[in-house]
Amino acid sequence: MKKKIKRFQRLATIRKKDVSKEINNSNLLQNEITKNEGLIEQINTIMESSNNSSNKIINSGFFKNNALLLTTLQSQKDIALNRNKYLLSEKEIIRKKIIDNNFKKMKAEEKAKDYKRHYISQLENKIYQ
C-alpha cells in the first residue's frame, strides 16, 4: 500500500514538473509571437513609407529598386505571418497539454489521498482489533 501511495505522489510531482515546463514553453512562444508581431508592424511601416514617395517624376532605377524592396518586404511579411500562424497553433497545442497534465496531476493526487485514507483506515482497524 505504501508503494502505491509513493508511486502516485511521484506521479503527481512529475505532472507538476510537466505543467511548469509547458507553462515555460508557452511563455517562450508568447515572447516569440510578440517579437513576430513587432516585425510585421515594422515591415508594414517600411512598406507604407516606401509607397509614399513625394516625387512626381520617378526615374527607372529608383522605381526598380523600390519595386524590388517592396517585393522582398512582402515575402518577408508573408514568412512572418506564416510563422505567426505556426506559433499560435503551437501555443494552442501547449495550452491543451497544460490542461491535460493538470487533469492528470489532480487525478494522481486524488488517488494518492484515497490510498492514504484507505491505508490509515486499515491501520486503525488493526489497532482496534
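The rules behind each value
Residues numbered from 1 in each chain as written. Predicted model: local features only at pLDDT ≥ 70, side-chain atom pairs only at ≥ 80, totals over all residues. Heavy atoms only, no water. Helix = DSSP H or I, 4+ residues; strand = E, 2+ residues; numbered from the N terminus. Buried < 20%, exposed > 50% of the residue type's maximum accessible area, 1.4 Å probe, protein only. Contact = heavy atoms within 4.5 Å. Areas by Shrake-Rupley, 256 points an atom, 1.4 Å probe, with all protein chains shown as cover. Phe/Tyr/Trp six-rings, centres within 6.5 Å; stacked < 30°, edge-to-face > 60°. Core = buried A, V, L, I, M, F, W, Y, C linked by side-chain atoms within 4.5 Å. Salt bridge = Lys/Arg side-chain N within 4 Å of Asp/Glu carboxyl O.

## Topic: the overall build of the protein
Reasoning step 1: A count of helical and extended segments in the protein gives two helices and zero strands.
Reasoning step 2: For the protein, the proportion of its 129 residues judged to be buried stands at 19%.
Reasoning step 3: The long-range fraction of contacts in the protein, counting pairs at least 24 apart against all pairs at least 6 apart in sequence, stands at 92%.
Reasoning step 4: Accessible surface, the protein as shown: approximately 10,100 Å² in total, 55% of it carbon and sulfur.

## Details of the packing of aromatic side chains
Reasoning step 1: Per the stated rule, a full pass over the model turns up one aromatic pair.
Reasoning step 2: Considering the side-chain rings of Phe 8 and Tyr 115, the 5.5 Å spacing of their centres and the 20° angle between planes classify their relative orientation as stacked. Within this pair, whereas Phe 8 is found in helix α1 (residues 2-51), its partner Tyr 115 is found in helix α2 (residues 60-128), the two being separated by 107 residues in sequence.
Reasoning step 3: Judged by its relative accessible area of 15%, Phe 8 falls in the buried class.

## A short note on the nonpolar core
Generally speaking, nonpolar side chains in soluble globular proteins are found buried as a group.
Reasoning step 1: Judged by nonpolar contacts, Val 19, Leu 29, Ile 33, Leu 87, Ile 94 and Ile 98 together constitute the single largest core of six residues.
Reasoning step 2: Residue assignment for this core shows that the elements contributing at least two residues are α1 and α2.
Reasoning step 3: Those residues within four positions of Leu 87 in sequence are excluded, and the remaining contacts are Leu 29, Glu 32 and Ile 33.

## Regarding the pattern of salt bridges
Charged atoms that come close allow side chains of opposite charge to pair.
Reasoning step 1: Enumeration over the complete set of coordinates arrives at seven salt bridges.
Reasoning step 2: Measuring nitrogen to oxygen at the nearest pair gives 3.8 Å for the salt bridge that ties Lys 16 to Glu 109. Here Lys 16, found in helix α1, pairs with Glu 109, found in helix α2; they are 93 residues apart in sequence, far enough to count as distant.
Reasoning step 3: What makes Lys 16 partly exposed here is its relative accessible area of 45%.
Reasoning step 4: Owing to a relative accessible area of 27%, Glu 109 belongs among the partly exposed residues under this scheme.
Reasoning step 5: Taken together, the shared-partner salt bridges in this structure form one network comprising Glu 32, Lys 35 and Arg 83.

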